[in-house]
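Listed below are the residues making up each chain.
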Amino acid sequence: AQTVTQSQPEMSVQEAETVTLSCTYDTSESDYYLFWYKQPPSRQMILVIRQEAYKQQNATENRFSVNFQKAAKSFSLKISDSQLGDAAMYFCAYRSTQGGSEKLVFGKGTKLTVNP
Amino acid sequence: AAGVIQSPRHLIKEKRETATLKCYPIPRHDTVYWYQQGPGQDPQFLISFYEKMQSDKGSIPDRFSAQQFSDYHSELNMSSLELGDSALYFCASSLFPESPFTDTQYFGPGTRLTVL
């Protein structure tokens, strides 16, 4: 079974600075998807960014980018120019590409605090 | 853009009662997933449906059942409620993964269930 590990329960960053959230995963599959979801105090789960394992190019969405290291099974999220609205719990998630196994497997989350 | 709709948003039940949670996926989405998120925990997969058939099953108690209807909405039925069932229940929807860009799971706002 796949597992996802987020080793940083909490992180903090100053407004306008950059922060990187770590995520590692364990799988025997060669093709899969990885996601970062954001959960603000409202508890809504919001997709931040996704990465297909077969793509070597790291995904980017505005101020959010990932560093995907397939051999190391690492998938970190970098937030640039941090804003107060970025404060939330961030979950890393894995999704298999095998039919009938499309569920998301989440890490325990990292709580990000943004200081003004 | 239309999002996933869940009802009710909040539900309070007594132990041993039953509860029904409803999920209306994004229009044209044919796959529905249910997740349970306990306090301070990551979301855990319960069950999923594709084209009204169960497609995957996670750690869903036997007291829970679910189905997807012809209009693709889904209902999660929970019987003999226990205190430990108090959680946030998310529904997510996606298009069957025919291509890498259509299968991202989009989450509803969740139903907060409190069992007293």
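Preceding block: the structure.
These remarks concern the structure in this document. As the structure is a computational prediction, the values presented were derived from the model and not from experiment.

Criteria and cut-off values
Residues numbered from 1 in each chain as written. Chains lettered and ligands numbered in written order. Predicted model: local features only at pLDDT ≥ 70, side-chain atom pairs only at ≥ 80, totals over all residues. Heavy atoms only, no water. Helix = DSSP H or I, 4+ residues; strand = E, 2+ residues; numbered from the N terminus. Rg over C-alpha atoms; globule rule 2.2 N^0.38 Å. Buried < 20%, exposed > 50% of the residue type's maximum accessible area, 1.4 Å probe, protein only. Contact = heavy atoms within 4.5 Å. Areas by Shrake-Rupley, 256 points an atom, 1.4 Å probe, with all protein chains shown as cover. Salt bridge = Lys/Arg side-chain N within 4 Å of Asp/Glu carboxyl O.

## With respect to the overall build of chain A
Phase 1 of the analysis: Helices and strands together make up the secondary structure of chain A, namely zero helices and 12 strands.
Phase 2 of the analysis: Reading the helices (α) and strands (β) of chain A from amino to carboxyl end gives β-β-β-β-β-β-β-β-β-β-β-β.
Phase 3 of the analysis: Compactness check: chain A gives a C-alpha radius of gyration of 14 Å against a globular reference of 13 Å for 116 residues, within 12% of the reference.
Phase 4 of the analysis: Projected onto its principal axes, the C-alpha coordinates of chain A cover approximately 45 × 30 × 20 Å.
Phase 5 of the analysis: Here chain A holds 116 residues, and the buried ones make up 48% of them.
Phase 6 of the analysis: For chain A, contacts bridging at least 24 residues in sequence account for 55% of all contacts bridging at least 6.
Phase 7 of the analysis: As presented, chain A carries roughly 5500 Å² of accessible surface, and 46% of it is formed by carbon and sulfur atoms.

## A closer look at the pattern of salt bridges
Phase 1 of the analysis: Per the counting criterion, the structure on display carries 10 salt bridges over all chains.
Phase 2 of the analysis: Salt-bridge contacts for Arg63(A) lead to Asp86(A); the nearest nitrogen and oxygen are separated by 2.8 Å. Placement of the pair is Arg63(A) in the loop between strand 7 (60-61) and strand 8 (64-69) and Asp86(A) in the loop between strand 9 (74-79) and strand 10 (88-96), with a sequence separation of 23 residues.
Phase 3 of the analysis: Close ionic contact of Arg63(B) with Glu82(B) constitutes a salt bridge, the shortest N to O distance being 3.4 Å. Separated by 19 residues along the polypeptide, Arg63(B) in the loop between strand 6 (53-57) and strand 7 (64-68) and Glu82(B) in the loop between strand 8 (74-78) and strand 9 (87-94) bring together distant segments of the chain.
Phase 4 of the analysis: Residue classification places Arg63(B) among the partly exposed positions, given a relative accessible area of 21%.
Phase 5 of the analysis: Of the residues examined, Glu82(B) reaches a relative accessible area of 41% and is grouped as partly exposed.
Phase 6 of the analysis: In the salt-bridge network here, residues are joined through shared partners; they are Arg50(A), Glu52(A) and Lys55(A).

It is worth stressing that arrangement in space is one thing and function is another; only the former is reported here.
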